[in-house]
Amino acid sequence: MTETFKLSDYDCVGFDLDNTLCEYRIGPMVQMIYDVLIDYLIKNCNYSDKHLRQPIDFDFFQRGLFLDAEKGNILKINGTGQILRAAHGTNFMSDEEIMSVYGPNRTWAVTDVFVENFLETWNGPMSEKIRPLLDFFDIPVSLVFGRCIDGIDNISRPQTYNVWPDVLKGLVYMYSRENFSANTSDYFRYLKSTPSLYYNKCPDYVLNWLKELKQTKKVFLISGSHVDYANFTATQSLGENWKELFDIAVFYSRKPGFFTTNRPFYNTDTQMLNECGIVDNIQFNNIYSQGNWDQLHDLLKRETGKSNPKCLYVGDNILQDVVAPAKFSGLDTIAVVEEMKLDSNDNDINPDNNMLRTNKWSSYLVDCDKKDTSIWTSFIANHGKLCIPSIKNLAKKPINFEFTPFTKNKITFNGNGFFPFIPNSLYKILK
């Protein structure tokens with residue numbers, strides 16, 4: 001039986017904010033993140049400015065790479081955990097070098113655990129060994145980490161490296177939620193000083209589509225961003241009246257924990273700057289912080305009058321927005337993958353899309369040379385209902401549009417890498 005997908009089948013539709021409803025200008029954003037991070041490492045951790053201040057190599061960036069923190073390696077893996085490509089620092093390893101480090105099967109025990117249950121590597125000792133680079137806020141880390149390793153190797157090549165803790169400190173400095181209002185992070189300062197450089201405005205037809213959706217569905221927003229930063233982002237992208245687009249909004253949701261734990265909800269103050277106390281009974285037309293899916297689901301049951309409303313969630317972070325809600329909370333999910341190629345006659349595309357295409361790592365979803373797919377393709381195929389390049393592609397279709405066919409078990413390669421589980425009459429994966 002052919003599986004089909006229609007948005008009109010759902011009672012409740014939820015969205016992520018960053019890189020889903022809010023589209024960033026990836027080129028300027030990546031450049032700024034790289035600059036802020038290397039400034040921190042040079043000034044605070046004494047890393048070599050000779051290596052870090054080289055011009056950015058955009059061809060080295062790709063979402064979904066993994067850091068082997070102790071060995072100083074950067075990895076791309078497939079759905080079974082096998083290493084497709086690897087670099088030590090920024091120097092790509094030959095197949096023979098990969099096998100000399102990871103064995104003839106090209107596997108690593110830590111990525112094997114990640115493939116089976118990524119939550120086991122999310123916190124605790126194993127998280128110190130591995131770091132997946134999951135979104136566009138992360139992708140400059142591969143080059144920063146690699147160049148730090150290069151700088152160390154230029155002096156002496158140790159058995160193990162201790163670079164990742166320093167890079168993590170830099171990321172904490174950049175992204176900590178307290179730093180937006182305190183203005184103590186250069187990342188937030190740059191965003192606030194010239195937002196038009198970093199944000200694309202959401203098209204009117206997408207906003208109108210969200211309003212139309214809200215007429216027949218319960219529409220919710222779940223974002224990992226703290227409420228003050230999220231409010232700034234939503235205002236820049238969706239406009240001053242963004243709150244009217246949603247029945248309820250949840251910020252600093254700490255995904256994937258939102259879908260796996262039972263953290264309480266917090267009220268937010270009227271200026272949407274801070275949390276201000278635990279709330280037991282959440283209600284529509286409010287903005288909350290933290291929380292959990294079970295409690296939100298109970299609210300959706302009450303508001304729809306259904307004991308088991310059909311819920312959908314749309315987001316760009318494959319682990320947090322696609323796998324976790326599907327695997328642990330039973331939601332259907334849609335993956336937003338900007339690396340995909342839009343229809344050739346579709347000009348409404350992120351102007352920085354070209355930098356996401358095939359590079360030194362091949363493409364995000366496939367490795368055309370090795371005729372294999374990445375772990376992210378496997379996750380989307382196993383846990384997602386649909387994979388789209390942009391929320392714009394949903395908004396351009398009627399709500400009752402039927403997407404078909406979905407064949408999740410067969411992947412074919414024809415130069416561009418068609419994916420049958422994606423409606424291949426509409427979307428094509430970049431080579």
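Residues numbered from 1 in each chain as written. Predicted model: local features only at pLDDT ≥ 70, side-chain atom pairs only at ≥ 80, totals over all residues. Heavy atoms only, no water.

The protein chain goes by 5'-nucleotidase domain-containing protein 1 in an unreviewed UniProt entry, where it is assigned to Acyrthosiphon pisum. As stated in UniProt under Sequence similarities (unreviewed entry), the record for the protein chain gives "Belongs to the 5'(3')-deoxyribonucleotidase family." (UniProt positions renumbered as here; feature names shortened; annotations may be inferred.)

Engineer: Residues and numbers for the overall build of the protein chain, please.
Structural biologist: Counting secondary structure elements, the protein chain contains 16 helices and 20 strands. Sequence separation of at least 24 residues holds for 71% of the intrachain contacts in the protein chain that already meet a minimum separation of 6. Here the protein chain displays about 17,600 Å² of accessible surface, and carbon together with sulfur accounts for 45% of that area. (Helix = DSSP H or I, 4+ residues; strand = E, 2+ residues; numbered from the N terminus. Contact = heavy atoms within 4.5 Å. Areas by Shrake-Rupley, 256 points an atom, 1.4 Å probe, with all protein chains shown as cover.)

Engineer: Outline the nonpolar core, supporting the account with residue identities and numerical values.
Structural biologist: Side chains that are nonpolar tend, in soluble globular proteins, to be buried together. Phe15, Leu41, Tyr187, Trp209, Leu238 and Trp242 are the most contacted members of the largest nonpolar core, which has 89 residues in total. The greatest single-element share of this core, amounting to 13 residues, is contributed by helix α1 (residues 26-45). Excluding residues that lie within four positions of it along the chain, Phe15 makes contacts with Leu21, Trp209, Leu210, Leu213, Val219, Phe220, Leu221, Ile222, Phe246, Tyr313, Val314 and Ile391. In this structure, Val279, Leu299, Tyr313 and Ile380 belong to the second largest nonpolar core, which totals 51 residues. (Core = buried A, V, L, I, M, F, W, Y, C linked by side-chain atoms within 4.5 Å. Buried < 20%, exposed > 50% of the residue type's maximum accessible area, 1.4 Å probe, protein only.)

Engineer: Give a detailed account of the side chain of Gln320, specifying residues and quantitative values.
Structural biologist: With respect to the secondary-structure elements, Gln320 resides in helix α14 (residues 318-329). Dropping the residues within four chain positions of it, Gln320 is found in contact with Trp122, Leu134, Lys255, Pro256, Phe259 and Pro325.

Engineer: Any chance you could break down the layout of surface pockets for me, citing the residues and the numbers?
Structural biologist: One water molecule sets the probe size; rolling that probe over the atoms shows where empty space is left. Its boundaries defined by the atoms lining it, the largest pocket holds a volume of some 1,500 Å³. Contributing to the lining of the largest pocket are 44 residues, with Trp122, Arg131, Tyr175, Lys255 and Gln320 lying nearest its centre. With six residues, the top contributor of residues to the lining of the largest pocket is helix α6 (residues 164-175). Taken together, the residues of the lining of the largest pocket sort by class into 18 nonpolar, 12 polar and 14 charged. (1 Å grid on protein atoms, 1.4 Å probe; cavity = no way out; pocket = protein on both sides within 12 Å on 5 of 7 lines; lining within 4 Å. Points joined across faces, edges and corners; volume = space filled by probe spheres on them. Nonpolar A, V, L, I, M, F, W, Y, C, P; charged D, E, K, R; others polar.)

Engineer: Talk me through the pattern of salt bridges; I want residue IDs and the actual numbers.
Structural biologist: Under the defined criterion, the tally for this structure stands at 16 salt bridges. Close ionic contact of Asp321 with Lys255 constitutes a salt bridge, the shortest N to O distance being 2.8 Å. Placement of the pair is Asp321 in helix α14 and Lys255 in the loop between β11 (248-251) and α12 (257-260), with a sequence separation of 66 residues. Each member of the salt-bridge network shares a partner with another, and the members are Asp16, Lys255 and Asp321. (Salt bridge = Lys/Arg side-chain N within 4 Å of Asp/Glu carboxyl O.)

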